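# Fold and contact review
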Amino acid sequence: MHNTPQANGDAEHSTLRVHVDGGVAWVELHRPEVLNAFNDTMLRELAGLWTRLRIDDEVRAVVVTGAGDRAFCTGYDRAGLDSSDGLDSSDGRVPDGDTDDEAALLTASSPFLRADVGDFLGPKSCGLWKPVVAAVNGIACGGAFYLLGEADIIIAADTATFFDPHTTFGMPAVFEPLHLLRRMPLGEVLRLALLGSAERMSARRAHEVGLVSEVVPGDRLRDAAAAVAGIIAALPPLAVQATLRSIWIGSEMAPGQALGVAHALVAAGTDPAALAAGQQTFRSGDRPRWRLR
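About the criteria used
Residues numbered from 1 in each chain as written. Predicted model: local features only at pLDDT ≥ 70, side-chain atom pairs only at ≥ 80, totals over all residues. Heavy atoms only, no water. Helix = DSSP H or I, 4+ residues; strand = E, 2+ residues; numbered from the N terminus. Buried < 20%, exposed > 50% of the residue type's maximum accessible area, 1.4 Å probe, protein only. Contact = heavy atoms within 4.5 Å. Areas by Shrake-Rupley, 256 points an atom, 1.4 Å probe, with all protein chains shown as cover. Expected span 1.5 Å × (residues − 1). Arc of directions from axis to C-beta. Axes fitted to C-alpha atoms, helices over the stretch in contact; angles between N-to-C directions. Parallel < 35°, antiparallel > 145°, perpendicular 65-115°, else oblique. Nonpolar A, V, L, I, M, F, W, Y, C, P; charged D, E, K, R; others polar. Core = buried A, V, L, I, M, F, W, Y, C linked by side-chain atoms within 4.5 Å. Pairing = 2+ DSSP bridges. Salt bridge = Lys/Arg side-chain N within 4 Å of Asp/Glu carboxyl O. pLDDT = per-residue confidence, 0-100. Polar contact = N/O pair within 3.5 Å; in protein donor to acceptor, adjacent residues only side chain to side chain.

This part is about the overall build of the protein. Check the secondary structure of the protein and you find 11 helices and 10 strands. Residues counted as buried form 47% of the 293 residues belonging to the protein. Nonlocal contacts in the protein, meaning residues at least 24 apart in sequence, comprise 69% of its contacts between residues at least 6 apart. Counting only carbon and sulfur atoms, one obtains 56% of the accessible surface of the protein, whose full area is about 14,900 Å².

As C-alpha cells, this is what we get:
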C-alpha cells in the first residue's frame, strides 16, 4: 500500500485521501465535518485526480467512498451558497480556469453558458474509463448521485440511506434523477426526486430496485469493495476497459447503433498476449474460485 506521485492524498489534496494498493486507487472524499459535501476545492481536486488516473497504468480500478461512517457524500456544501449570491448546485467552476473565467461562468446571463458540477465531479465526465466501485458508507443525497450515476458497481453498508433534497429547498432536481434513471425504475426515481427530504430510501430498498448490487454490514464495506475491485484490477486491462465502454455505450445508444460499433470495440480491446494467456488458463483448468452472490 503506497501513495503515488500522481495520487498522493496528503501532498496533493486537501479534500481527498488517495492511495493505490494492488492496482486499485482508493479515493476517500474527506470533508467529514460537513458529511463529505463537496465544495469548489473538492471539485477541482476530483477533476484533476480523474484526469491523472486515466493515464496512470498502475491503476486498473477505483474505489470511491466517504470519510467516517455517517455519510458517503451529501452533495453541494450549502454553506457556500451564502457567499455565492444564492447559486444553486447546477452552477460550477472550471477546475483549472482563472478567477475571471470562473466568475464569468457563475454570473452568465444564459443557463446554456454555465458550467455544471457534474462536468468535474463524475469520473466518466472527466474521461476516466476504468471501473469505479462506489462504497456507500452512510448518507448519499443530492449531488452524490453525480458520483453514483457514473460508478459501475455500487456496494452499500446496511446503514446507508439515499434521498434527494432539491425540491425541499426550492431547487429543481434535474441532473441527479437523470443519472438515476440508468439504474432504477421510473416510479422509484420519481418518488425519490419528488419527495425531497421527507423520505429516505434504505440500503435494502436500494438493493431491491437495482441501485446497489450488494448490501453488507458497515464493518465489512471496505472489504467487500476491495474484493470486487481487486478481482477487476487483476484482469487484463484492455479487455476490461473495452467491456466497460461497450456496456455504457449500450445504455446510451439504440441497440442497432450500439451493435454497429461493437466490432470496433472488440478490435480495440483485444490484446493478443492476454488472449493467449486466457486460452492457456482455459486449457489448464486453473480457473479462479468463485463465490455465489
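Having put the structure on the table, let's press on.
A rise of 1.5 Å per residue sets the reference length of helix α8 (residues 221–233), with its 13 residues, at 18 Å; its end C-alpha atoms lie 18 Å apart and thus fit the reference within 8%. Among the residues making up α8, those that are buried are Leu221, Ala224, Ala225, Val228, Ala229, Ile232 and Ala233. For α8, the angular spread of the buried residues around the axis is 165 degrees, confining them to a single face. Exposed and oriented more than 90 degrees from the buried face of α8 are Asp223 and Ile231. On the buried face of α8, the contacting elements are β2 (24–29), β3 (61–66), β5 (132–136), β7 (153–157), β10 (214–216) and α9 (237–252).

This next bit is on the packing of α9 against helix α10 (residues 255–268). It is at 9 Å that the axes of α9 and α10 come closest, and there the two elements cross at 170 degrees. Looking at the two axes, α9 sits roughly antiparallel to α10. Between α9 and α10, the residues in contact are Leu238, Ala242, Arg245, Ser246, Ile249 and Gly250 and Ala258, Val261, Leu265 and Ala268, respectively. Split into classes, the residues belonging to the contact of α9 with α10 amount to seven nonpolar, two polar and one charged.

This part covers the nonpolar core. Core analysis: the biggest nonpolar cluster contains 49 residues, and Trp50, Val62, Phe72, Val136, Leu148 and Phe162 have the highest contact counts within it. The biggest single contributor to this core is helix α1 (residues 40–53), with seven residues. With sequence-adjacent residues up to four places away left out, Val136 is seen in contact with Phe72, Leu148, Ile154, Ile155, Ala156, Ala157, Ala160, Phe162 and Leu221. Val216, Ala224, Ala233 and Val240 belong to the second-largest nonpolar core, a separate cluster that totals 17 residues.

Attention shifts here to the sheet that holds strand β9 (residues 201–202). The mixed open sheet is built from four strands, whose spatial order is β4-β6-β8-β9. The open sheet has two edge strands, β4 (71–73) and β9, and neither has a second partner.

It is worth spelling out the pattern of salt bridges at this point. Taken as a whole and assessed by the stated rule, the structure comprises nine salt bridges. Note that Arg291 and Glu214 form a salt bridge whose closest N and O atoms lie 3.5 Å from each other. With a gap of 77 residues between them, Arg291 in the segment after α11 (272–284) and Glu214 in strand β10 connect regions that are remote in the sequence. For Glu214, a relative accessible area of 13% puts it in the buried group. Taken together, the shared-partner salt bridges connect Glu188, Arg204, Arg205 and Glu208 into one network.

This brings us to the confidence of the model for the protein. Residues with a pLDDT of 70 or more make up 85% of the protein, whose mean pLDDT is 87. Every residue in residues 1–10 scores below 50 in pLDDT, and together they form 27 contacts with partners more than four places removed in sequence or on other chains.

By the secondary structure assignment, Asp152 is in the loop between α4 (144–149) and β7. Note on Asp152: relative accessible area 18%, which makes it buried. At 3.1 Å, the side chain of Asp152 forms a polar contact with the side chain of Lys124. Within the structure, the side chain of Asp152 is placed 2.7 Å from the side chain of Trp248, a separation counted as a polar contact. If we ignore the near neighbours within four places in the chain, the residues touching Asp152 are Lys124, Lys130, Pro131, Val132, Arg183, Leu244 and Trp248.

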